[in-house]
Amino acid sequence: MTSPAPMVALLGLPKLGPARLRALVETFGSAEAAWDAVRRGALGGVPLRTRLDARTALVDAWRTAAAAVDVEAILSGHMEAGIEVLTPDSDHWPPAFRDDPEPPPLVFVRGDVSLLASVSVAIVGTRRCTASGTAIARDLGEGVASAGVGVVSGLALGIDGAAHRGALRAGGPVVGVVATGLDVVYPRRHRDLWNDVAHDGVLVSEAPLGTAAERWRFPARNRLIAALSRLLVVVESGRTGGSMLSVDSALERQVDVGAVPGPVRAPTSAGPNQLLADGCLVVRDATDVLVALGVHVPTGRARRSSDEPPPLTDDAVTNAVAWTPTSLDDIVASTGMSFTEVAVRLTTLEVDGVVDRVADGYQRTIR
Amino acid sequence: MLAIIQSSSLLGVEGRCVRAEVHVGNGLPSFTMVGLPDASCREARDRVRSALLSSAYEWPMRRLTINLAPSAFPKLGTSLDLAMAVGVLAATGEVSEESTDGWAFLGELGLDGSLRPVRGVVPLVAALRGVVRGVVVADAAHAEAALVPGIEIRCAPDLGRVVRALRRETPWSDPPAVPAPSPPVSPDLLDVRGQPVGRQVVEIAAAGGHHLLLSGPPGAGKTLLAGRLPGLLPDLDDEAALEVTSIHSAAGMPVDGQLIRRPPFRAPHHTASAVSLIGGGTTAMRPGEISLAHRGVLFADELGEFPPTVLDALRQPIEEGRVRVSRARGTVAYPARFQFVAATNPCPCGPAPTGCRCSEAGLARYARRLSGPLLDRLDLRLHVGRPDAGDLLGSPDGEPSAVVARRVLDARQLAATRGFGPNATLTGHDLDTIAPLVPAAARLLEDLVRRGTLTARGVQRVRRVARTIADLADHDGALRVDHVAAAVALRVPSGSGVAVAS
């Protein structure tokens, strides 16, 4: 077995994505030879997919970067940081990567490596989500994880983070796939969550230590999320965006796709609703996911006590308040009642826990 | 030979009485000025000398000393020129001491002896009320000076005319005719279509003097609503009108011969500096926008775009109704009892019609800036949505401002009978006295606090607003559930409208 060190060194180069890496390795036959060529700046004939002037700059940048790297020390550096480097030869190499159309050359892992082989569901969605979206993602994560199924997500703000939190709460298997080096916490607000996932689950990255967040790394990371899961659930997303790219990656890999239905006019549900219209799996709660996976569900459709539906309310004001924030003007206009009447009803509903007063109006309470 | 002439000088937005003591004595010819004159005031020596010579009076070739008493506070500007010139003439016997007795002199002199108006005539004259019988000012300043009641005003075009009038050789000049100012046009509520709650919140803000925050996407009509607020406020009473006119006069803004009776509306742009907003400055201590909005409305559009330092600086004046500006040359307090109205977008980009394009970090920063202690001081917080196209085109006209203003006036008069200030200034103790709650309303507030959707501070603010809502409904007794509920609904939680989950 050859040392993964040259490959690790190659992955640490700036602006080097899967396509360029493949070009380098295929041209020179091995990572070792490619690394040698990069160090010498002798990259004639390698298809780098760039303009001629940019190519010279890129080759120079690589040569400068490579000169500063000590290949011998690179593996011990990762080992000292508590990071395992998995290669396709490793025992723990995720089976899902074996017949992937675009497998990573190797991955960096911190935490319980065995989780990478477990049956998992990806729960993804937009960072710019609604309160309802985070609540759904959290409950999905919790429900799926408590049935022993892994939860894979990207540790991003919004839906991703909520799904991880739910899974951690259930103490189930949780896999965080990130786009940066495992020592670069991104987003920084998720430092605690990052550490929790590393401690109770596993963190995976395609990037070596010290790799900062760059735009192109996120779609590349999304393909790993899709690859590691049996089912990919989109909780909230716009019609375009990272989550919808993840869906494309999933379809490419014959991974099933599910989506959580949302209000038809909510921009945050445009993506999932489109997927549902296209015929993907409807996901209302964790049970839908577990049934789709064929996992035994011991509790049936039983709900936790806190999921008791709110007292049945059927009046003009309640009906005028949507699950997304609704402005007071709209509520008054659609009920035709006076502002004072509406205010009295809304405040009563707020006390009863049926609606929430939020920054841009009122919305139905999400449990 | 000594002459003492009354005048006044501007400090901040207040006039201070100043006596120009002019002494002409024996000795080598010289001219000394003492008593903390600033640069423009010290330059008076050259203006006074030339003005005297141009008006064909003699300049005494003796030892001349002018003391500006009281010497302790700095004298800024050119308002003392005329008093010094008259003092020199009185000290050399050109005019008699009796003729200047009981008169004060205000104005800047030109080298040709012409008499010019100065900034802040209203406060300068007001300061002399009760000190002298009358004031002599430039022709052009007569209309402004005449706004101050209880003091005689004389005017003259130049120094020569002043001297001849004092000698009773010619009469004082006739005050120039003042063109009747056109009545101020205030935008009318009639223009606001749809937005039933938006109209209501402006009415409540007007009736109680509550600070107001309007949030919502661009084009929702936040600025439109805020601009309608001054039109709903009652006219200023005599005292307030004189205060406001004094400040505007001191700021050098045109005061067209009438007291300012309508509450001012000031809308500084978010690029305005802290000094232009708060007041101060290196050369002249001018009042800032918040003082120009005294007894009126200060409107901050795009609140989130104002620098944090500026927003912080607004907190103290909002609380105290005045602002103290300390600079190297002294400390002055400006009145700044304004009603604060702020408008803000839910996020820095608007949100754009194609959806929000802000970064998470940008959103978090924006929310942080908006959710500070400043917002805590705003009693009324409403989110306005974009109105329906149907509402804009098809809905019937709402009530015009005049009708609403009538209700606002009635509510304010009802509040005034209780002997407290406007409802927005009620303290917790006052509220217990004049805003008791019926048991059901008290229970409602308790429930909200227990649920954690209302804070203890929020309860106070809600009670104040509820008092105003009850006043508008001509209800003087304990606050009912409907009053409290409406006040709760008009208080959205602070923070940006876009949720960034973390």
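Refer to the structure presented above.
As the structure is a computational prediction, the values presented were derived from the model and not from experiment. (Residues numbered from 1 in each chain as written. Chains lettered and ligands numbered in written order. Predicted model: local features only at pLDDT ≥ 70, side-chain atom pairs only at ≥ 80, totals over all residues.)

Chemist: Can you explain the overall build of chain B? Please cite residues and give values.
Modeler: The helix and strand tally for chain B stands at 21 helices and 18 strands. For chain B, the spread of C-alpha atoms along the three principal axes comes to 85 × 45 × 45 Å. Across the 502 residues that make up chain B, the buried fraction comes to 52%. The contacts of chain B with a sequence gap of at least 6 include a subset with a gap of at least 24, amounting to 75%. (Helix = DSSP H or I, 4+ residues; strand = E, 2+ residues; numbered from the N terminus. Buried ≥ 20, exposed ≤ 12 C-beta atoms within 10 Å, placed from the backbone. Contact = placed C-beta atoms within 7 Å.)

Chemist: Tell me about the interface of chain A and chain B, and name the residues and values.
Modeler: Each partner contributes residues to the interface: chain A has 33 residues there, and chain B has 35 residues. Sorting the residues of the side of chain A that touches chain B by element identifies helix H6 (131-146), helix H7 (159-170), helix H14 (328-335), helix H15 (339-351) and strand E10 (355-358) of chain A as the ones contributing at least two each. Among the elements that make up the side of chain A that touches chain B, the one with the highest residue count is H15 of chain A (eight residues). Class assignment for the residues of the side of chain A that touches chain B results in 16 nonpolar, nine polar and eight charged. (Nonpolar A, V, L, I, M, F, W, Y, C, P; charged D, E, K, R; others polar.)

Chemist: Before we move on, could you go through the pairing of strand E11 (residues 361-364) of chain A and cite the residues and values that matter?
Modeler: Residues and elements named next belong to chain A. Relative to E11, E10 runs antiparallel, the two being bridged by four bridges. Bridging across to E11, valine 358 finds its partner in glycine 361. Hairpin geometry of E10 and E11 is characterised by an intervening segment of two residues between the two adjacent antiparallel strands. (Pairing = 2+ DSSP bridges.)

Chemist: Tell me what's going on with the nonpolar core, and back it up with residues and numbers.
Modeler: Judged by nonpolar contacts, the single largest core of 173 residues is most densely connected at Ala85 and Val484 of chain B. Broken down by element, this core gets its largest block of residues, nine residues, from helix H3 (residues 81-91) of chain B. Every residue in contact with valine 484 of chain B, bar those within four places of it in the chain, is listed here: Leu437, Ala441, Leu444, Leu445, Val462, Ala466 and Leu479 of chain B. Residues Leu11, Val178, Ala226 and Val235 of chain A belong to the second largest nonpolar core, which totals 82 residues. (Core = buried A, V, L, I, M, F, W, Y, C linked by C-beta atoms within 7 Å.)

Chemist: With reference to specific residues and values, describe H15 of chain A.
Modeler: All names here are of chain A. Over its 13 residues, H15 extends 18 Å from the first C-alpha to the last, a length consistent with the 18 Å expected when each residue adds 1.5 Å. The buried fraction of H15 amounts to ten of the 13 residues, a majority that puts the element mostly inside the structure. Here H15 has its buried residues at Phe339, Val342, Ala343, Val344, Arg345, Leu346, Thr347, Leu349, Glu350 and Val351. (Expected span 1.5 Å × (residues − 1).)

Chemist: Give a detailed account of the sheet that holds strand E10 (residues 212-215) of chain B, specifying residues and quantitative values.
Modeler: All names here are of chain B. What the five strands build is an open sheet, ordered E11-E14-E17-E10-E18; its pairing is parallel. Each edge of the sheet is formed by a strand with only one pairing partner; in this case those strands are strand E11 (265-266) and strand E18 (380-383). Note that E10 and strand E17 (residues 339-344) share four bridges and pair parallel. Bridging from a neighbouring strand, leucine 214 pairs with alanine 343 of E17. Across the sheet, helix H8 (residues 196-208) touches E10 and E18, and the angle it forms with E18 is around 165 degrees. (Axes fitted to C-alpha atoms, helices over the stretch in contact; angles between N-to-C directions.)

Chemist: Describe the sheet that holds strand E2 (residues 107-111) of chain A, with residues and values.
Modeler: As a general point, the strands of a sheet are linked pairwise by backbone hydrogen bonds and lie either parallel or antiparallel. All names here are of chain A. Reading across from one edge, E1-E2-E6-E5-E4-E3-E7-E8-E9 is the order of the nine strands in this open sheet, with mixed pairing throughout. Edge positions in the open sheet fall to strand E1 (84-86) and strand E9 (281-282), since each of these has one partner strand only. In the sheet, strand E7 (residues 231-234) pairs with strand E8 (residues 256-259) via four bridges, with the strands oriented parallel. Each residue of the ladder has a partner; that of valine 233, found in E8, is glycine 258. Most of the contacts of H7 go to strand E4 (residues 150-153), to which it runs at about 160 degrees, and overall it touches strand E3 (120-124), E4 and strand E5 (174-178). Contacts from helix H12 (residues 286-293) reach E3, E7, E8 and E9, with the element oriented near 155 degrees to E7.

Chemist: Hey, could you go over unusual backbone geometry for me, with residue numbers and the actual values?
Modeler: In this structure, proline 187 of chain A follows tyrosine 186 of chain A across a cis peptide bond, with omega equal to -5 degrees. Within the element layout of this structure, proline 187 of chain A appears in the loop between E5 and helix H8 (191-200). Put simply, alanine 69 of chain B and proline 70 of chain B share a cis peptide bond, and its omega is -5 degrees. Relative to the assigned elements, proline 70 of chain B resides in the loop between strand E4 (63-69) and H3. Its identity is not glycine, yet arginine 49 of chain A carries a phi of approximately 55 degrees, on the positive side. With respect to the secondary-structure elements, arginine 49 of chain A resides in the loop between helix H3 (31-40) and helix H4 (52-67). Looking at arginine 49 of chain A, the number of C-beta atoms within 10 Å reads 11, which means it is exposed. With phi around 55 degrees, glutamine 254 of chain A is a residue other than glycine that occupies positive phi space. In this structure, glutamine 254 of chain A sits in the loop between helix H10 (242-252) and E8. A residue is classified by how many C-beta atoms lie within 10 Å of it, and glutamine 254 of chain A, with 6 of them, is exposed.

Chemist: Run through the environment of serine 114 of chain A, naming residues and quoting values.
Modeler: Residue and element names in this part refer to chain A. Its place among the elements puts serine 114 in the loop between E2 and E3. For serine 114, a count of 11 C-beta atoms within 10 Å translates into the label exposed. Considered as a pair, serine 114 and glycine 336 are 222 residues apart in the sequence and their alpha carbons are 60 Å apart.

Chemist: Please set out the environment of glycine 120 of chain B residue by residue, giving values where relevant.
Modeler: Residue and element names in this part refer to chain B. Take glycine 120: it is sitting in the loop between strand E7 (115-116) and helix H5 (121-128). The class of glycine 120 is buried, set by 34 C-beta atoms lying within 10 Å. Through-space distance from the C-alpha of glycine 120 to that of leucine 10 is 7.1 Å; in sequence the pair is 110 residues apart.

Chemist: Quick rundown of H8 of chain B? Include the residues and the values.
Modeler: All names here are of chain B. Taking 1.5 Å per residue, 13 residues should reach 18 Å; H8 reaches 19 Å between its end C-alpha atoms and fits that length. Most of H8 is tucked away, with twelve of its 13 residues classed as buried. Regarding H8, the residues found buried are Val197, Gly198, Arg199, Gln200, Val201, Val202, Glu203, Ile204, Ala205, Ala206, Ala207 and Gly208.

Chemist: Residues and numbers for the packing of H8 of chain B against helix H9 (residues 222-232) of chain B, please.
Modeler: All names here are of chain B. At a closest axis distance of 9 Å, the pairing of H8 and H9 adopts a crossing angle of 40 degrees. One finds that H8 runs oblique with respect to H9. Crossing angle aside, the handedness with which H8 passes H9 is right-handed. Contacts between H8 and H9 pair Gly198, Val202, Glu203, Ala205 and Ala206 from the former with Leu225, Arg228, Leu229 and Leu232 from the latter. Tallied by class, the residues present in the contact of H8 with H9 amount to six nonpolar, one polar and two charged. (Parallel < 35°, antiparallel > 145°, perpendicular 65-115°, else oblique. Left-handed = near helix turned anticlockwise from the far one by under 90°.)

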